[in-house]
Amino acid sequence: MWGGRFAEGPAAVMREINASIPFDKRMWRQDIAGSRAHVAMLGAQGIVAPEDAAAIAAGLDQVAAGYEADGVPVDLALEDIHMATEARLADAIGPVAGRLHTARSRNDQVATDFKLWVRDATDQVLAALSALDTALLARAEEHADSVMPGFTHLQSAQPVTLGHHLMAYHEMIARDASRFADNRARANLCPLGSAALAGTGFPVDRHATAAALGFDAPTRNSLDAVSDRDFALDYLMAASQCALHLSRLAEEFVLWASQPFGFVSLSDQWSTGSSIMPQKRNPDAAELVRGHAGRITGCLVSLMVTMKGLPLAYSKDMQDDKPPVFEAHDLLGLCLAAMTGMVESVTFRTDRMRGLAESGFATATDLADWLVREGDVPFREAHHITGRAVARAEALGVTLDRVPLADLQAIDARIDARVFDVLSVDASVASRTSFGGTAPANVRAAIRAARGEKA
Ligand code: ARG
């Protein structure tokens, strides 16, 4: 393709280090789409004769059919998907294939192909996020009233509802979706027609190619267009943050599936056995979601370090943009699908959750709040009184709502029998009706709102 000024071919290792076809063949659909749009524009603008443009378009269909049927052959001599496709086109239609690359460089070509690929990948992630969200909303609805201990410092803090806990993940997933959607909107400008770096003297119609490829407009600066990989970094950033969220839920599943917690039992489909310990049910999928988040973040760091300090415009370093994006996308797809499967099929052991919520003096704040409300006690003093009540419960070996009234009154005379109305975990969660609080009524309202936004 570029042999004109060379007397010798490349060294074998040169060929190997230079070639991207082993991985960029994954973009063949986008490459064909870009070429179709380009040649249609060349024909319409009279840059290439209409019959040549038509022959090239038909040839591209043939090449695409071949790729579809047999895959993309890897020939290192052809360097990348762009040259491979052009070579196949020449095999199919002869020398007229050479007109396709008029007013185009591989630099604007690869930027366009990769943007199209990342856009498709983003759409796939958005669909997968929506599926996970649907699963979370369904399980949250089922458990809008189920009480579990809420933790801070992984210590029992206050009772919450499981529905509320699951809806916290809905919020994260919704932010992830909006990040991917923002990225898609921001990146949707077409680099094609920027040529190598300076633009082209041919009378190209960049608005036509942009529209044909579903972009909102052409990019505004040719130097930026061929050297910008923000769209890939944005994808990786959103993917890393999403994976980070998934890893937190995964960690909770791992923890909750452990015997001391016993909050969940993962379904057979999402557990593995041990080759030596017959009793084992290991949460491997959750552990791998937790682990993959690290690899996905590694992909982000990889591309950031590649791009850092690169002078304008294109440098071959940028060919290394694709493997981390492909890897992150594959891993994220697995994580989202596995997490959706786990959420759909996990059994929540609400009896265990309730038992633990009742055991950790988790309604101590409710007692303090009651003293403030009913006894007009300053909160700091109420906190102290409640601390003594907890100590009494601990000494008696009972939960807070089982401490005899006489014992409570010995600590503070302002306490009366009405206090027992607020000391149960159900009363506690039902009382948390502040906007965004854990009360079952709030959880149901949040689910309705989330479904409304989805519809
Ligand atoms: N395979 C290259 C890449 O992925 C295509 C662009 C090559 N451009 C060049 N001037 N060598 O970045």
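These figures come from a predicted structure and were not determined experimentally.

**Q** Tell me about the domain arrangement of the protein chain, and please be specific about residues and values.
**A** Under the domain assignment used here, the protein chain contains domain 1 (12-102), domain 2 (107-144 + 151-349) and domain 3 (356-451). With 16 residues of domain 2 at the interface, the matching set in domain 3 holds 19 residues. Note on domain 2 versus domain 3: buried area summed over both sides is about 1,500 Å², and carbon and sulfur give 64% of it. Taken together, the connections running from domain 2 to domain 3 amount to one salt bridge. Between Glu141 and Arg451 there is a salt bridge, with its nearest N and O atoms 3.2 Å apart. Run the count over domain 2 and domain 3 and you get four residue pairs in polar contact (both at pLDDT 80 or more). Of all elements in the fold, only helix H6 (106-142), strand E2 (155-161) and helix H7 (162-187) reach the threshold of two or more residues within the side of domain 2 that touches domain 3.

**Q** Would you mind going over the side chain of Asp366 in detail, with residue names and values included?
**A** Relative to the assigned elements, Asp366 resides in helix H14 (residues 364-375). In this structure Asp366 comes out as buried when scored by relative accessible area, which is 4%. At 3.1 Å, the side chain of Asp366 and the side chain of Arg432 are in polar contact.

**Q** I'd love a proper account of the site of the ligand, names of residues and values included.
**A** Near the ligand you find Ser20, Asp24, Asp80, His82, Arg106, Asn107, Val110, Tyr314, Lys316, Gln319 and Lys322, and these make up its full shell. Interatomic distance of 2.4 Å between a side-chain N/O atom of Tyr314 and an oxygen atom of the ligand. Lys322 has a polar side-chain atom sitting 2.7 Å from an oxygen atom of the ligand. Burial of the ligand by the protein chains amounts to 86% of its free accessible area of 340 Å². Per element, the largest residue contribution to the shell around the ligand is three residues, and it comes from H6.

**Q** Hey, could you go over the nonpolar core for me, with residue numbers and the actual values?
**A** Judged by nonpolar contacts, the single largest core of 92 residues is most densely connected at Tyr235, Leu246, Phe253, Leu332 and Met339. Looking at this core, the element that brings in the most residues is helix H10 (residues 230-257), giving 15 residues. What Phe253 contacts, discounting residues up to four positions off in sequence, is Val264, Leu266, Ala286, Met339, Met342, Val343, Val346 and Phe348. In this structure, Ala368, Ala382, Ile415 and Val419 belong to the second largest nonpolar core, which totals 20 residues.

**Q** Can you explain helix H4 (residues 50-70)? Please cite residues and give values.
**A** The end-to-end C-alpha distance of H4, which contains 21 residues, comes to 30 Å, matching closely the 30 Å that a straight helix rising 1.5 Å per residue would cover. Within the sequence span of H4, burial applies to Ala53, Ile56, Gly59, Leu60, Val63, Ala64, Gly66 and Tyr67. Summarising the axial view, the buried residues of H4 lie within an arc of 160°, below the 170-degree limit, and thus occupy one face. Away from its buried face by more than 90 degrees, H4 exposes Pro50, Glu51, Glu68 and Ala69. Where H4 is buried, its residues touch helix H3 (28-44) and helix H5 (81-93). Among the residues trailing H4, Gly71 stands out with phi positive, at a value near 80°.

**Q** I'd love a proper account of the UniProt feature "domain: Fumarate lyase N-terminal" (unreviewed entry) in the protein chain, names of residues and values included.
**A** Per the UniProt entry, the sites bearing "domain: Fumarate lyase N-terminal" (unreviewed entry) are residues 6-298 in this numbering. From the first C-alpha to the last, residues 6-298 spans 39 Å; its make-up is 62% helix and 6% strand.

**Q** Summarise the UniProt feature "domain: Argininosuccinate lyase C-terminal" (unreviewed entry) in the protein chain; cite the residues concerned and give the values.
**A** In the numbering adopted here, UniProt assigns the feature "domain: Argininosuccinate lyase C-terminal" (unreviewed entry) to residues 361-430. Strand forms 0% of residues 361-430 and helix 61%; the C-alpha atoms that close the span are 17 Å apart.

About the thresholds
- Residues numbered from 1 in each chain as written.
- Predicted model: local features only at pLDDT ≥ 70, side-chain atom pairs only at ≥ 80, totals over all residues.
- Heavy atoms only, no water.
- Domains from an automatic or database assignment.
- Contact = heavy atoms within 4.5 Å.
- Buried area = accessible area lost by both parts, 1.4 Å probe.
- Salt bridge = Lys/Arg side-chain N within 4 Å of Asp/Glu carboxyl O.
- Polar contact = N/O pair within 3.5 Å; in protein donor to acceptor, adjacent residues only side chain to side chain.
- Helix = DSSP H or I, 4+ residues; strand = E, 2+ residues; numbered from the N terminus.
- Buried < 20%, exposed > 50% of the residue type's maximum accessible area, 1.4 Å probe, protein only.
- Near = heavy atom within 4 Å.
- Areas by Shrake-Rupley, 256 points an atom, 1.4 Å probe, with all protein chains shown as cover.
- Core = buried A, V, L, I, M, F, W, Y, C linked by side-chain atoms within 4.5 Å.
- Expected span 1.5 Å × (residues − 1).
- Arc of directions from axis to C-beta.
- UniProt positions renumbered as here; feature names shortened; annotations may be inferred.

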